[in-house]
Amino acid sequence: MEKRTPLYDLHLRFGARMVEFHGWEMPVQYTSIRDEHRAVRMDVGMFDVSHMGEIEVSGSDSFLFLQHLLTNDLARLRPGRALYTLMTDQRGGTLDDLLVYRLDDNRFWLVVNAANRDTDVAWIRSHVDGADVTVTDRSDEVALLAVQGPHAASRLESLGLSVGSLRPFSFTSARFQEGEIMVSRTGYTGEDGFELYTDGETARKLFEALYSLGVTPCGLGARDTLRLEACLPLYGQELRRDVTPLEASLAPFVKFDKGDFIGREALLSQAEAGPRRRLVGVEMADRAIPRTGYAVFRGEQRVGEITSGTLSPTLERPIGLALVNASAAVVGETLEVEIRGKRHVARVVPTPFYRRPKVSSSSAKEE
């Protein structure tokens, strides 16, 4: 039986269509993916992402422990700040991509993908090896709301949450009615946005209060089209254990000069030789939509595959991400995507496909 988030009953009340997603019953849409997508781009939307995993790592050795486990440099991370990073195996394959919050000098909060929660916890614990480190899975205690869009800050301020001055990739504590909240200015849509970590009861009250203010509830469908326009990777598609961060065009989040970490030697060798595959953006020449797994050709040679694709609601044309041979990963290169036995012309284009107007800066990833 699938798990349910604390907001399950509210999803049904507000008309969500529910689907199975990595063992959870989650809303895929309420009205339409297109309308929910546009609400986030033009106004503000909210997502229940309580299925994500939250892992607390604490102890006097926690900083050095995580430095060895993750690719980004946590020395840049002061208490009250967050950063994006990856966790790789000894061969450089991607185990997960995640956010790390530094709660204080010796306590960190990792937010991992729902599909990888159990394997991530097991991997992290397997490397403690006598260090003064405690690994605690907090996932079942935490409900998580993402409020995204150009008017996200003003709607949250209307609820008495002082978030307007919060810097991107920073977090603070707040209260709503009787509930405690950790609010961070991060996101996964390409828009300004906030993540609200709290208990289930407070999350329900927040959801209803935001709905009453006109915030659009959004499902997994819009979350996927939004992140794809912003070229933010999805684990299991752009990122897998057989894909390295360098192949996925995430080299800025691999800090070789910080010292040793799991996968460093393999990734350094790949960086010096140059990755044989690269993740690129493609735009179709016609209205055919590229989908995950579709073969990509250059001439008669198969050079890769589509990892994600959609008809962009913002750009109103078909776009996709493709993992292709490095020789084909050149902006302007003409490729073909095989769709139901027929090849359709595609062109490699600069990414991201969508970049929001520079009023304030926040995205799902920060070096």
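Placed above this text is the structure.
Residues numbered from 1 in each chain as written. Predicted model: local features only at pLDDT ≥ 70, side-chain atom pairs only at ≥ 80, totals over all residues. Heavy atoms only, no water.

J.: Looking at this structure, how should I read the packing of aromatic side chains?
T.: The relation between two aromatic rings is expressed through the spacing of the ring centres and the mutual angle of the planes. One pass over the structure, following the stated rule, counts seven aromatic pairs. Note on Tyr84 and Phe253: the rings are 4.9 Å apart at their centroids and 80° apart in plane angle, and the pair reads as edge-to-face. Of this pair, Tyr84 sits in strand β6 (residues 82-88) while Phe253 sits in the loop between α7 (220-229) and α8 (264-273), and the two are 169 residues apart along the sequence. Here Tyr84 and Phe253 have matching classes, each one buried. Relative to Tyr197, the ring of Tyr101 has its centre 5.6 Å away and its plane inclined at 80°; by these criteria the two rings are edge-to-face. Of this pair, Tyr101 sits in strand β7 (residues 94-104) while Tyr197 sits in strand β13 (residues 193-198), and the two are 96 residues apart along the sequence. Judged by its relative accessible area of 0%, Tyr101 is buried. (Phe/Tyr/Trp six-rings, centres within 6.5 Å; stacked < 30°, edge-to-face > 60°. Helix = DSSP H or I, 4+ residues; strand = E, 2+ residues; numbered from the N terminus. Buried < 20%, exposed > 50% of the residue type's maximum accessible area, 1.4 Å probe, protein only.)

J.: Is there a simple way to think about the state of the cysteines in this case?
T.: Between two cysteines, a covalent bond joining their sulfur atoms is known as a disulfide. Evaluation of the coordinates by the stated rule reveals zero disulfides. Of all cysteine sulfurs, the one in Cys231 lies closest to Cys218, which takes part in no disulfide; the gap is 20 Å. For Cys218, a relative accessible area of 1% gives the class buried. (Disulfide = S-S within 2.5 Å.)

J.: How should I be thinking about the sheet that holds strand β3 (residues 24-29) in this particular structure?
T.: Strand pairs in the sheet, formed through backbone hydrogen bonds, run parallel or antiparallel to each other. Reading across from one edge, β1-β3-β2 is the order of the three strands in this open sheet, with mixed pairing throughout. Sheet topology places β1 (3-4) and β2 (17-21) at the edges, where each strand pairs with a single neighbour. Where α7 meets the sheet, its contacts fall on β2 and β3, and the angle it forms with β3 comes to roughly 70°. (Pairing = 2+ DSSP bridges. Contact = heavy atoms within 4.5 Å. Axes fitted to C-alpha atoms, helices over the stretch in contact; angles between N-to-C directions.)

J.: Explanation requested: the environment of Ile55 in the structure shown.
T.: By the element assignment, Ile55 lies in strand β5 (residues 53-58). Judged by relative accessible area, Ile55 falls into the buried class, the value being 0%. C-alpha of Ile55 to C-alpha of Leu110: the two residues are 55 residues apart in sequence and 5.0 Å apart in space. Leaving out residues up to four positions away in the same chain, Ile55 has contacts with Phe108, Trp109, Leu110, Val112, Asp120, Val121, Ile124, Val135 and Thr136.

J.: Please clarify how the nonpolar core should be interpreted in this entry.
T.: Here is a general trend for soluble globular proteins: nonpolar side chains tend to be buried in one another's company. In terms of nonpolar packing, the biggest core is built from 35 residues, with Tyr101, Trp109 and Tyr197 touching the most fellow members. The set of elements that each furnish at least two residues to this core consists of β6, β7, β8 (107-112), β10 (143-148), α7 and β18 (318-325). Those residues within four positions of Trp109 in sequence are excluded, and the remaining contacts are Glu54, Ile55, Glu56, Leu99, Val100, Tyr101, Leu103, Arg138, Val142, Met182 and Tyr197. In this structure, Leu7, Tyr30, Leu145 and Leu161 belong to the second largest nonpolar core, which totals 31 residues. (Core = buried A, V, L, I, M, F, W, Y, C linked by side-chain atoms within 4.5 Å.)

Function-wise, these values are silent; they only describe arrangement.
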